[in-house]
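For reference, the chains in residue letters:
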Amino acid sequence: MLRSIVCAVCLLLAAPLTASARTPDHAAEWNGAEISWRDVRSGIYESSQTGRPVIMVFHATWCSACKRFRAVFKDPAVVAASRDFVMILVDADAEKQINGAFSPDGTYGPRTLFIDSDGNVSDKLVGSDPKYPHSLNVDNPDELLALMKKARETYNIAPAPTPAPAPGESRT
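Everything numeric in this text was worked out from a predicted model, so none of it was measured.

Criteria and cut-off values
- Residues numbered from 1 in each chain as written.
- Predicted model: local features only at pLDDT ≥ 70, side-chain atom pairs only at ≥ 80, totals over all residues.
- Heavy atoms only, no water.
- pLDDT = per-residue confidence, 0-100.
- Contact = heavy atoms within 4.5 Å.
- Helix = DSSP H or I, 4+ residues; strand = E, 2+ residues; numbered from the N terminus.
- Buried < 20%, exposed > 50% of the residue type's maximum accessible area, 1.4 Å probe, protein only.
- Pairing = 2+ DSSP bridges.
- Expected span 1.5 Å × (residues − 1).
- Polar contact = N/O pair within 3.5 Å; in protein donor to acceptor, adjacent residues only side chain to side chain.

A closer look at the confidence of the model for the protein
Here comes step 1: Averaged over the protein, the pLDDT score is 86; the fraction of residues at 70 or greater is 80%.
Here comes step 2: Segment residues 1–19 is flagged for pLDDT under 50; beyond a separation of four residues in sequence, or across chains, it makes 0 contacts in the model.

This is the structure in structure tokens:
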């Protein structure tokens, strides 16, 4: 009997943790196999606990620019750099309240926000388009990579260690 109660309590305690680490819808389309995308709730919590800054990407499934932007997240350098951040993916249509809450200059998409672990959206880590400052180059990873590098300097974080090669693999 006591064992059953302990198991039930463990399951109840584990359930919120499982729910809080939910992978967002459409993560697979955004290279979810290599980038650890989080939903907003678990991502913000993780950032507040670890001190790592957030990169929050807003997209819509129908948006042609968003579909092109997905390829940027398949770039090996972006994948590696993403390990320094809590990566949050938001479907702007499915999560309208979140889309509105994180819209410092509008609810356009795709929109990429850099957020510190205290929840402050950076107005310095922005793209080159003055009309849509949180819109980055959707066809090339260079602008995102430059902002990720600048964010590491701004937030004073060391790059995450590179995973060791598997036994028998060599690094070239």
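Some points on the environment of I35
Here comes step 1: Tracing the sequence through the fold places I35 in the loop between α1 (2–20) and β1 (37–38).
Here comes step 2: Those residues within four positions of I35 in sequence are excluded, and the remaining contacts are W30, F73, V79, S82 and M87.

Thoughts on helix α2 (residues 40–50)
Here comes step 1: For α2, the set of buried residues is V40, S42, G43, E46 and S47.
Here comes step 2: A positive backbone phi angle near 80° is found at G51, which sits one or two residues after α2.

Structural notes on the pairing of strand β3 (residues 86–91)
Here comes step 1: The buried fraction of β3 is high, at 6 of 6 residues.
Here comes step 2: Taken together, the 2 bridges between β1 and β3 define a ladder with parallel strand orientation. Paired with R38 across the strands is I88, a residue of β3.
Here comes step 3: Where strand β2 (residues 54–59) meets β3, 6 bridges bridge the pair, whose relative direction is parallel. Considered in β3, the bridge of I55 is made with M87.

Comments concerning the pairing of strand β4 (residues 111–115)
Here comes step 1: Of all 5 residues that make up β4, 5 are buried, and the element is covered over most of its length.
Here comes step 2: Of the two faces of β4, the one carrying R111, L113 and I115 and the one carrying T112 and F114 are both buried.
Here comes step 3: As defined by bridge partners, β2 adjoins β4 across 5 bridges and the pair is classed as antiparallel. The residue bridging V54 from the neighbouring strand is I115, located in β4.

Describing helix α6 (residues 142–154)
Here comes step 1: For α6, spanning 13 residues, the distance from its first C-alpha to its last is 18 Å, which sits close to the expected 18 Å at 1.5 Å a residue.
Here comes step 2: Within the sequence span of α6, burial applies to E143, L144, L147, M148, A151 and R152.
Here comes step 3: Buried residues in α6 make contact with β2, α4 (76–82) and β4.

Details of the side chain of S82
Here comes step 1: With respect to the helices, strands and loops of the structure, S82 is situated in helix α4.
Here comes step 2: In contact with S82, not counting residues within four places along its chain, are I35, M87 and M148.

Here we look at the side chain of S122
Here comes step 1: If you trace the backbone, S122 turns up in the loop between β4 and α6.
Here comes step 2: With a relative accessible area of 12%, S122 lands in the buried category.
Here comes step 3: Looking at S122, its side chain comes within polar contact range of the main-chain nitrogen of K124, at 3.0 Å.

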